[in-house]
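Observations on the model geometry
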Amino acid sequence: MTCHNLVVLGGLEEFTPLVALACDRGIRTIVIDGYSRGPAKRLSVERGGAAYNIDIRDIDAIAEVVRAEHADAITTAYSDVLLECAVQVADRTGLPCHLTPDQLPYYRDKDVINETLERAGIPGPKSAVLEEGFTERDLEGLSFPLVVKPIDLYGCRGLFLTNGIDEIRACFQDARKGSSRSAVLVEEYVGDPEFNAQALVRDGVVHVIGIADREKTVHVSGELPPGTRNVYPSRYMQDVYEPALAAMSAYVRETGQTSGPLAMQFYWSPERGLQVGEVAARFLGYEHELIAYACGFSVEELLLAAAYDDEAIEEQLACGDPFGRRIAAVLYFYARDGVVGDLSSARAVAERPDVEYGQLFYEVGDRIGSPQKMPYVARFFVVDEDRDVVDRVSTEIFEEIRIPDAAGEELLYRNRVEGLA
Ligand SMILES: Nc1ncnc2c1ncn2[C@@H]1O[C@H](COP(=O)(O)OP(=O)(O)O)[C@@H](O)[C@H]1O
Ligand SMILES: [Mg+2]
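Predicted model, so just to flag it, every value in this text is computed and none were measured.

1. A closer look at the sheet that holds strand β6 (residues 146-150)
- Strands sit in the order β5-β8-β6-β7 across an open sheet of four strands; the sheet is antiparallel. Taken across any chain shown, the strands that pair with only one partner, and hence form the sheet edges, are β5 (127-130) and β7 (160-162). Sheet twist, expressed as the average angle between the axes of neighbouring strands with direction ignored, equals 25 degrees.
- With five bridges connecting them, β6 and strand β8 (residues 184-188) associate as antiparallel partners. Paired with Lys149 across the bridge in β8 is Leu185.

2. Remarks on helix α8 (residues 237-255)
- Its 19 residues place the ends of α8 26 Å apart at the C-alpha level, agreeing with the 27 Å of an ideal helix rising 1.5 Å per residue.
- Contact partners of the buried residues in α8: α5 (105-108), α6 (110-119), β9 (194-202), β10 (205-216), β12 (260-269) and β13 (273-280).
- Note on α8: the residue one or two positions beyond its end, Gly256, has a positive phi of about 85 degrees.

3. Some points on the coordination of the magnesium ion (ligand 2)
- Around the magnesium ion (ligand 2), the protein supplies Gln265 (OE1) and Glu278 (OE) as donor atoms, at distances of 2.0 to 2.1 Å. Separated by 13 residues along the polypeptide, Gln265 in strand β12 and Glu278 in strand β13 bring together distant segments of the chain.
- The exposure class of Gln265 is partly exposed, given its relative accessible area of 21%.
- The exposure class of Glu278 is partly exposed, given its relative accessible area of 22%.

4. Remarks on the packing of helix α10 (residues 299-308) against helix α11 (residues 310-317)
- It is at 7 Å that the axes of α10 and α11 come closest, and there the two elements cross at 155 degrees. One element, α10, and the other, α11, form an angle in the roughly antiparallel class. Residues Glu301, Leu302, Ala305, Ala306 and Tyr308 of α10 pack against Asp310, Ala312, Ile313, Gln316 and Leu317 of α11.
- Of the residues that constitute the contact of α10 with α11, the class distribution is seven nonpolar, one polar and two charged.

5. Some words on unusual backbone geometry
- Each neighbour pair has its own omega, and for Tyr232 with Pro233 the value is -15 degrees, a cis peptide bond.
- Within the secondary structure layout, Pro233 lies in the loop between β11 (227-232) and α8.
- Of note, the bond from Ser370 into Pro371 is cis; its omega dihedral lies within 30 degrees of zero at 0 degrees.
- Topologically, Pro371 is positioned in the loop between β15 (357-360) and β16 (378-384).
- Of note, the phi angle at His70 is positive, near 55 degrees, even though the residue is not glycine.
- Tracing the sequence through the fold places His70 in the loop between α3 (59-68) and β4 (73-75).
- Its identity is not glycine, yet Tyr78 carries a phi of approximately 75 degrees, on the positive side.

6. A few points about the site of ligand 1
- Taken together, 19 residues surround ligand 1, and among them Lys110, Lys149, Cys156, Glu194 and Glu278 come closest.
- A distance of 2.5 Å separates an oxygen atom of ligand 1 from a polar side-chain atom of Lys110.
- For ligand 1, the accessible surface in isolation is 540 Å², of which the surrounding protein chains cover 94%.
- Looking at the shell around ligand 1, the elements with two or more residues in it are β6, β8, β10 and β12.
- When grouped by side-chain class, the residues that make up the shell around ligand 1 number nine nonpolar, two polar and eight charged.
- Both domains that meet at the shell around ligand 1, namely domain 2 (126-188) and domain 3 (194-325), each give it at least three residues.

7. Some remarks on the side chain of Asp405
- Its place among the elements puts Asp405 in the segment after α13 (387-400).
- One buried charged residue, Asp405, forms no salt bridge at all, with the nearest opposite charge on Arg336 at 8.9 Å.
- From its side chain, Asp405 meets the backbone nitrogen of Ala407 in a polar contact 3.0 Å long.

8. Describing the pairing of β9
- Extensive coverage of β9 is indicated by the burial of nine of its nine residues.
- Neither face of β9 is left uncovered, since the one carrying Glu194, Asn196, Gln198, Leu200 and Arg202 and the one carrying Phe195, Ala197, Ala199 and Val201 both have all their residues buried.
- Direction of pairing for β9 relative to β12: antiparallel, over a ladder of eight bridges. Directly across from Ala199, in β12, lies its bridge partner Leu262.
- Bridge count for β9 against β10 is eight bridges, and the pairing is antiparallel. Bridge pairing in β10 links Ala197 to Ile211.
- Between β9 and β10, which pair antiparallel and follow one another directly, the connecting turn spans two residues, one of which, Asp203, has a positive phi of 50 degrees.

The rules behind the values
Residues numbered from 1 in each chain as written. Chains lettered and ligands numbered in written order. Predicted model: local features only at pLDDT ≥ 70, side-chain atom pairs only at ≥ 80, totals over all residues. Heavy atoms only, no water. Pairing = 2+ DSSP bridges. Helix = DSSP H or I, 4+ residues; strand = E, 2+ residues; numbered from the N terminus. Axes fitted to C-alpha atoms, helices over the stretch in contact; angles between N-to-C directions. Expected span 1.5 Å × (residues − 1). Contact = heavy atoms within 4.5 Å. Donors = N, O, S within 2.8 Å, 3.2 Å for Na, K, Ca; no water. Buried < 20%, exposed > 50% of the residue type's maximum accessible area, 1.4 Å probe, protein only. Parallel < 35°, antiparallel > 145°, perpendicular 65-115°, else oblique. Nonpolar A, V, L, I, M, F, W, Y, C, P; charged D, E, K, R; others polar. Near = heavy atom within 4 Å. Polar contact = N/O pair within 3.5 Å; in protein donor to acceptor, adjacent residues only side chain to side chain. Areas by Shrake-Rupley, 256 points an atom, 1.4 Å probe, with all protein chains shown as cover. Domains from an automatic or database assignment. Lys, Arg positive; Asp, Glu negative; His and termini not counted. Salt bridge = Lys/Arg side-chain N within 4 Å of Asp/Glu carboxyl O.

This is a description of form; function is not addressed.
This is the structure:
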């Protein structure tokens, strides 16, 4: 048997199942990123592999490791930056990859994404690119509210909801903070339900592995509502499956992507149909467990099959059903700034027998931060055969959970389940 050496770009918790699976298959893993204490790195070393602390943007240094370690494949997932760097490393070293660097803008730059959607005939929110000093004329044909966003950032950074040209001017600089582009994008706000779709492309054919409702709750009036619950499969699956598949297929035809992971965020309502928000050539973070629970696909198996064994992709795609066998939800919590005083209620939620798995991101005495230091304050997974049970448990948790400061003042924002009376 030939011994494979797989570079895994990303060493945080999310990559441990992938490293574990690779090691089980006798693949030697080489885990690389800039965080010295990544759990996936520790696991890799424990299982006879390697780990390197290298900034993922340092393509030269990673290419050096690829050669020294005789790596024969590279994989990553879950983040735009990781994907971008993996594509560059693959290009530099000749390792196989589902994208070339010149295809990256189709999945990274929001202006290019919108242009590509238009060229492919896929509906999306109306938008315009604004340079500093823009005028009323540049907003012609657009209706407020408008979302202002940086063109090349991600992770919901620098997004503003505006109701007039003065408000755009007021947030213009903040929206492009950290961006390498001088312009920003403005987009009509879409109030329809939002969805996350994930797929694998093989031989140019898109195979959907899951579509989720991405529910939101308004926490601060006038701000974009954050995502508070994702549920696989979507409650609108029968309506959205075909149009989402058609949109993803049209998109990859336009970009030339013929293999590898694909994700799409979109909006849909019976009145307005589908509108695409964003497309990425990677799997979405924090959702692989949900896909596994609900639809039976293993994102880790798919990533390994994509790296080494094209035949196995077929087998893996036969293991699941995007329409779902169970209902799996992830609940996300956010808080205003303050010092955490008591976590007993959140711990009790994590201990509930109907909660599959829970994670708290702060300890008592930790400051939440403004903006919040951690991506979430808490995160819980709820899984059941029955959608009503998942909705009832979600509602109970949303109503029960408390994270007060030492004076007993509640820090958590209240979430609500969308689409329920
Ligand atoms: N035009 C829009 N209409 C409604 N919501 C939007 C719009 N643009 C962004 N959002 C909200 O903000 C979130 C993040 O926006 P997105 O463009 O996907 O940026 P990011 O790259 O940071 O994920 C979306 O998932 C959606 O909830
Ligand atoms: Mg997005």
